[in-house]
Amino acid sequence: MNFRQTLTHGLWRDLPPFRMVLGLCPTLAVTATAENGLGMGIAVTFVLIFSNMFISLLRKVIPDKVRIASYIVVIATLVVIVELAMKAFFFPLSQQLGIYIPLIVVNCIILGRAEAFASRNPVHLSMADGLSVGLGFSISLTLVGSIREILGVGTWFGMAVFPDSFEPFGFMVQAPGAFLCLGLLLGLMNAWSRRRGEFFIQT
Amino acid sequence: MDLFLLVIGSIFVNNILLAQYLGNCPFCGVSKKLGPAIGMGVAVIFVSTLASIFTWIVYHYLLEPQGLEYLKTLVFILVIAALVQFVEIFIKKQSKGLYDSLGIFLPLITTNCAVMGIALLNIKHGFDFVEMIVFSASSAAGFALAILLFASVRERLFISSVPVAMRGTAIALVTAGVMSLAFMGFAGMTN
């Protein structure tokens, strides 16, 4: 892949979590509001860019047998940085996201990109890949968060979108709404891809 | 009595998978057939209980006295990864049958959010040692129950005619939503 393809593939062709069905936990858990979704997306993007950078830099040093463990150490260090930075600068958001911030460590997207891309590509490409996949993830999370917040609470980023007479569809902000919303979005995306002649049915 | 409520609460009311969304990757990935789903469930119960014991001890006797609580993310994932490796080697040496049925799930468990999530929740809720063991075992049992039910449903889905665009993960997620709705019926049993 050349530089431009790398920079854009995360935005539609490999858009997580729809095209790469990885990292479902944060997608379901923190998207009760659009703001939380965006916050989580930005945190993951940061970790992705720098984990890809360090792993790409170290790709010739890390022995093949212990590579997964080494990747996990790099990722966990970055997550600790994000955790502390969020507590320092965005305290209310970090309270809202709770244990899902430390759980970025086990987000399969990050380990997946490290293994599939950063371990065999030069630094600038790896960072571009991290940025692109991270941005795609942020967009998806904000989208799911917006749908759930608008239908479930009647607001968007905290601003009221519906008149007072709107009865919020409270089911959407709870667990079943998350699964349902993601499943239907995935179905819509599959239908759209089929119409455009791309083949994308996850099994 | 409190421990009993904790068991019911963590298996049904706050089911780790359907109410707290942890461990969704194996939930969607390994639930196509009943056999592997049972294997995954058992492996998670085993590893999660062990991992919680180790992480709890490390946190309370190593990190807390030194004032290093902020390192828990890094230390926990290392403890879990090392433990999974160790369990894999141990089972391979000791019992061939168990290794054949559980072995392939063990590497997957390192990146299972349920295991890490339970370890973090133990610390967040401030459990003592007994409560921690009960909570971890029953949360993991809740995961096993959910993945078992879900695999049975998916075996039926396989032979029914689903709209083409919804096939695979999409219909699986919608099904999980309906199951989660059913589990919401347990809310109110404990507080």
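Residues numbered from 1 in each chain as written. Chains lettered and ligands numbered in written order. Predicted model: local features only at pLDDT ≥ 70, side-chain atom pairs only at ≥ 80, totals over all residues. Heavy atoms only, no water.

Engineer: Which residues make up a nonpolar patch on the surface, and what values do they have?
Structural biologist: Residue and element names in this part refer to chain A. Together, Leu38, Ile42, Trp156, Phe157, Met159, Val161 and Phe162 line one region of the surface with nonpolar side chains, adding up to about 590 Å² of accessible area. Here Val161 shows up in the loop between β2 (159-160) and α8 (175-195). Look at Val161 and you get partly exposed, because its relative accessible area is 43%. (Patch = residues over 30% accessible without salt bridge, like charges linked within 9 Å, V, L, I, M, F, W, Y side chains within 5 Å. Areas by Shrake-Rupley, 256 points an atom, 1.4 Å probe, with all protein chains shown as cover. Salt bridge = Lys/Arg side-chain N within 4 Å of Asp/Glu carboxyl O. Helix = DSSP H or I, 4+ residues; strand = E, 2+ residues; numbered from the N terminus. Buried < 20%, exposed > 50% of the residue type's maximum accessible area, 1.4 Å probe, protein only.)

Engineer: Go over the interface of chain A and chain B with me, naming the residues and quoting the values.
Structural biologist: With 41 residues of chain A at the interface, the matching set in chain B holds 39 residues. Interface area, chain A with chain B, both sides summed: about 3400 Å², of which 80% is carbon and sulfur. Where chain A touches chain B, the interface holds zero salt bridges. Contributing elements (two or more residues each) for the side of chain A that touches chain B: α2 (24-29), α4 (67-89), α6 (108-116) and α8 of chain A. Among the elements that line the side of chain A that touches chain B, the one with the most residues is α8 of chain A, at 13 residues. Of the residues assigned to the side of chain A that touches chain B, the class counts are 30 nonpolar, eight polar and three charged. (Contact = heavy atoms within 4.5 Å. Buried area = accessible area lost by both parts, 1.4 Å probe. Nonpolar A, V, L, I, M, F, W, Y, C, P; charged D, E, K, R; others polar.)

Engineer: So what about the packing of helix α3 (residues 34-57) of chain A against α4 of chain A? Which residues, and what values?
Structural biologist: Residue and element names in this part refer to chain A. Running from N to C, α3 and α4 point in directions that differ by 140°, and their axes come no closer than 9 Å. Overall, the two elements α3 and α4 adopt an arrangement that is oblique. Between α3 and α4 the crossing geometry is right-handed. Facing α3, whose interface residues are Gly39, Ala43, Phe46, Val47, Phe50, Ser51, Phe54 and Ile55, α4 presents Tyr71, Val74, Ile75, Leu78, Val79, Val82 and Met86. A class-by-class count of the residues in the contact of α3 with α4 yields 13 nonpolar, two polar and no charged. (Axes fitted to C-alpha atoms, helices over the stretch in contact; angles between N-to-C directions. Parallel < 35°, antiparallel > 145°, perpendicular 65-115°, else oblique. Left-handed = near helix turned anticlockwise from the far one by under 90°.)

Engineer: Which residues make up the confidence of the model for chain B, and what values do they have?
Structural biologist: Here chain B averages 87 in pLDDT, while 98% of its residues score no lower than 70. Element-level pLDDT for chain B is lowest in helix α6 (residues 106-110) of chain B, with a mean of 76, against a maximum mean of 93 in helix α8 (residues 129-158) of chain B. (pLDDT = per-residue confidence, 0-100.)

Engineer: Before we move on, could you go through the pattern of salt bridges and cite the residues and values that matter?
Structural biologist: Residue and element names in this part refer to chain A. The final tally for this structure, using the stated rule, is three salt bridges over all chains. Put simply, Arg67 and Glu115 hold a salt bridge, and the shortest N to O gap is 2.9 Å. Of this pair, Arg67 sits in helix α4 while Glu115 sits in helix α6; the two residues are 48 residues apart in sequence, bridging distant segments of the chain. Asp129 is the salt-bridge partner of Arg113, the closest N and O atoms lying 3.0 Å from each other. Here Asp129 lies in helix α7 (residues 123-152) and Arg113 lies in helix α6, a separation of 16 residues in the sequence. Taken as a pair, Arg113 and Asp129 share a single burial class, namely buried. Connected through shared salt-bridge partners, Asp64, Arg67 and Glu115 make up one network.

Engineer: Quick rundown of α3 of chain A? Include the residues and the values.
Structural biologist: Between its terminal C-alpha atoms α3 of chain A stretches 35 Å, which fits the 34 Å expected from 24 residues at 1.5 Å a residue. With respect to burial, α3 of chain A is a largely interior element, 17 of its 24 residues being buried. (Expected span 1.5 Å × (residues − 1).)

Engineer: How would you sum up the packing of helix α3 (residues 34-66) of chain B against helix α4 (residues 72-94) of chain B? Please name residues and give values.
Structural biologist: Residue and element names in this part refer to chain B. Remark: α3 packs on α4, axes separated minimally by 10 Å, with the N-to-C direction vectors making an angle of 135°. Comparing their axes, α4 and α3 come out oblique. Taken as a pair, α3 and α4 cross one another with a handedness that is right-handed. Residues Phe46, Val47, Leu50, Ala51, Phe54, Thr55, Val58, Tyr59 and Leu63 of α3 touch α4, and the partners they reach there are Lys72, Val75, Phe76, Val79, Ile80, Leu83, Val84, Val87 and Ile91. Partitioning the contact of α3 with α4 into residue classes produces 16 nonpolar, one polar and one charged.

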